[in-house]
Amino acid sequence: NIGTHALVNAPTNVTFGTSAYGNALAEAYSAGATDEEATKYAISSTAVEIASEWITGGIPGTNGVGGLDILVDKGIDKISNQLVKELVNYGYKMVGEGVEEAIAEILNPILKNATYSSGNEIDWKSVIESAIVGGLTAGVLEAPNMINNISNDIRQNNNINSNDNT
């Protein structure tokens, strides 16, 4: 349930949103924006950051649920091998976070042009770098969850096998 996950992860989301707002505000001020321009940029940038994080899985490491997760989970659930299922899910989270970061990087110059600046263009090299760094970061942050899930699957299979042998 997306609502339950949003509530459980509310402290993380508030911290994340506050940090995104503060960073965007400081960025706009350092570029010479007025109070009104900086505030508009910070609000819109924070909205993009939060919205993009909820496309797939939310903030890495929080066990969040994103908009695409319900659809993707239905496909992943059809995989019968638990190890493969965990690895596919792990890869999905990495790719999802990379895509989320790329979207935010694409929208950033558009928001700057709309609020306090002009002539900003999408830097495709930065988009690619953000996607890679986002994906790798998700990989690091999701690794403990994946390892725990695989460990639990192995224990569960061992219990089933030992019960079958008795």
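It should be emphasised that the depicted structure is a prediction, and the values quoted were computed from it without experimental measurement. (Residues numbered from 1 in each chain as written. Predicted model: local features only at pLDDT ≥ 70, side-chain atom pairs only at ≥ 80, totals over all residues. Heavy atoms only, no water.)

(A) The packing of aromatic side chains, seen in detail. All chains considered together, the criterion is met by one aromatic pair. Taken together, a centroid distance of 5.2 Å and an interplanar angle of 80° make the contact between Tyr41 and Tyr116 edge-to-face. Highlighted residues: Tyr41 in helix 3 (residues 35-53) and Tyr116 in the loop between helix 5 (82-115) and helix 6 (124-164), separated in sequence by 75 residues. Per residue, the accessibility class of Tyr41 equals that of Tyr116, and both read buried. (Phe/Tyr/Trp six-rings, centres within 6.5 Å; stacked < 30°, edge-to-face > 60°. Helix = DSSP H or I, 4+ residues; strand = E, 2+ residues; numbered from the N terminus. Buried < 20%, exposed > 50% of the residue type's maximum accessible area, 1.4 Å probe, protein only.)

(B) Examining the packing of helix 3 against helix 5 more closely. In the contact formed by helix 3 and helix 5, the axes pass within 9 Å of each other and the chain directions differ by 160°. In terms of their interaxial angle, helix 3 and helix 5 are classed as roughly antiparallel. Here helix 3 and helix 5 pass one another in a crossing that is right-handed. Every residue of helix 5 that contacts helix 3 at Glu37, Lys40, Tyr41, Ser44, Ser45, Val48, Glu49, Ser52 and Glu53 is listed here: Glu97, Glu100, Glu101, Ala104, Leu107, Asn108, Leu111, Lys112 and Thr115. Of the residues in the contact of helix 3 with helix 5, the class split is five nonpolar, five polar and eight charged. (Axes fitted to C-alpha atoms, helices over the stretch in contact; angles between N-to-C directions. Parallel < 35°, antiparallel > 145°, perpendicular 65-115°, else oblique. Left-handed = near helix turned anticlockwise from the far one by under 90°. Contact = heavy atoms within 4.5 Å. Nonpolar A, V, L, I, M, F, W, Y, C, P; charged D, E, K, R; others polar.)

Note that every value here comes from positions in space, so none of it alone points to a role or purpose.
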